[in-house]
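Structure at a glance
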Amino acid sequence: KAQVIAVIDCSGSMDGRYRSGEVQAIFEKMLALALVFDDDGQIPVVAFDSRTIVLPPATRENFVGYVQREIVDRHRLGGGTAYAPAMEAAMKQWNSSGDPGLVCVITDGNCDDRAATERLVCSASEAAIFWQFIGVGNESFDFLRKLDDLPVPTKRRIDNAGFTPVRSLSDLTFASLLNEFPSYLQKARAAGIVH
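Being a predicted model, the structure only gives us computed values, none of them experimental. Every chain begins its residue count from 1, and numbering advances along the sequence as written. Predicted model: local features are reported for residues with pLDDT of at least 70 only, side-chain atom pairs are reported and counted for 80 or more only, and whole-chain, interface and lining totals are derived from all residues. To get the side-chain values, take all heavy atoms of the structure and skip hydrogens and water.

So, the packing of helix α4 (residues 83–93) against helix α5 (residues 114–123)
What describes two packed helices is the angle between their axes and the distance between those same axes. In plain terms, the rule: Lines fitted to C-alpha atoms define the axes, with helix axes restricted to the stretch in contact, and inter-axis angles between N-to-C directions lie between 0 and 180 degrees. Starting at the N terminus, helices and strands are each numbered in turn, a helix being any DSSP run of H or I of at least four residues and a strand any DSSP run of E of at least two. Every angle not falling under 35 degrees, over 145, or within 65 to 115 is termed oblique; those three ranges are roughly parallel, roughly antiparallel and roughly perpendicular. We call two residues contacting when some pair of their heavy atoms lies within 4.5 Å. Any residue outside Ala, Val, Leu, Ile, Met, Phe, Trp, Tyr, Cys, Pro, Asp, Glu, Lys and Arg is labelled polar, Gly included; the first ten of those are nonpolar and the last four are charged.
At a minimum axis separation of 8 Å, α4 and α5 run at an interaxial angle of 30°. Relative to α5, α4 is oriented roughly parallel. Residues Y83, A84, M87, E88 and M91 of α4 lie in contact with α5, whose contacting residues are A116, T117, L120 and V121. Split into classes, the residues belonging to the contact of α4 with α5 amount to seven nonpolar, one polar and one charged.

So this is what it looks like as structure tokens:
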């Protein structure tokens, strides 16, 4: 069991991926994942550029056209890329008394707030949340690779982040979404973080 939460980049460079249907397609994959792992049948959704936008949850009832309706039509795509405020918003969407969180952060670029993001990942290693970063496109994603490899235990209590690069969101599979999550759960149980 896991609480699946989506954190999605809506900066200007993502515009083509929204309009082509790539982002809608990945929401549908994530909803299918949530219906298997999560008992409430919905995905909390946070969109971000330099802003943080908490959106209505995606459900089996509203997923058709969700991305166009809730993001493209209502929020101008643009701005910079700030991970930390969106990740903090995702933590607030997570029910800490329930199942562990699987937070999928989808972006096509490195962020403008690296120090704050690294601090958040490190401090969140005390919580039952795993951050699955998905880098889409041709960016080198050096910072996301760094987050994936932050040392344990000097920087964080356990390894609570993974990174998967994909050329296109259409290349993202269930296996890549869940790549490091099972091993995280084992480590988190051993550390007493997940019960």
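A closer look at the environment of L120
Residue placement: L120 occurs in helix α5. Distance from L120 to P85, taken between C-alpha atoms, is 9.5 Å for residues 35 residues apart in sequence. Every residue in contact with L120, bar those within four places of it in the chain, is listed here: A84, M87, E88, M91 and W131.

Some details on the packing of aromatic side chains
Rules: Aromatic pairs are defined between Phe, Tyr and Trp rings, using the six-membered ring for Trp, whenever the two ring centres lie within 6.5 Å; interplanar angles under 30 degrees are classed as stacked, those over 60 as edge-to-face, and all others as tilted. Using a 1.4 Å probe on the protein chains alone, a residue whose accessible area is under 20% of its type maximum counts as buried, one over 50% counts as exposed, and one in between counts as partly exposed.
As enumerated under the stated definition, the model contains seven aromatic pairs in all. Relative to F181, the ring of F130 has its centre 6.1 Å away and its plane inclined at 55°; by these criteria the two rings are tilted. One end of the pair, F130, is in strand β5 (residues 129–136); the other, F181, is in helix α8 (residues 181–190), and 51 residues separate them in sequence. As far as burial versus exposure is concerned, F130 and F181 are alike and both buried. Every member of this aromatic cluster is reached through a ring pair, and the members are F48, Y83 and F133.

Section: the pairing of strand β4 (residues 101–107)
What counts here: At least two bridges found by DSSP between two strands are what make those strands a pair. With the strands aimed away from the viewer, a crossover counts as right-handed if its path from the first strand over the helix to the second runs clockwise.
In terms of burial, β4 is largely enclosed, as seven of its seven residues are buried. Side-chain alternation along β4 places G101, V103, V105 and T107 on one buried face and L102, C104 and I106 on a second face that is also buried. Looking at chain direction, strand β1 (residues 3–9) and β4 are connected through six bridges and run parallel. Bridge assignment links Q3 to a residue of β4, and that residue is G101. With seven bridges joining them, β4 and β5 adopt parallel strand pairing. Within β5, the residue paired with T107 across the bridge is G135. In terms of handedness, the path from β4 via α5 over to β5 forms a crossover that is right-handed.

As for α8
Convention followed: This arc describes the spread of directions from the helix axis toward the C-beta atoms.
F181, Y184, L185 and A188 are the residues of α8 that are buried. All buried residues of α8 fall inside an arc of 100° around its axis, so they share one side. Counted as exposed and oriented over 90 degrees from the buried face of α8: Q186 and A190. Check the buried side of α8 and you find it contacts β4 and β5.

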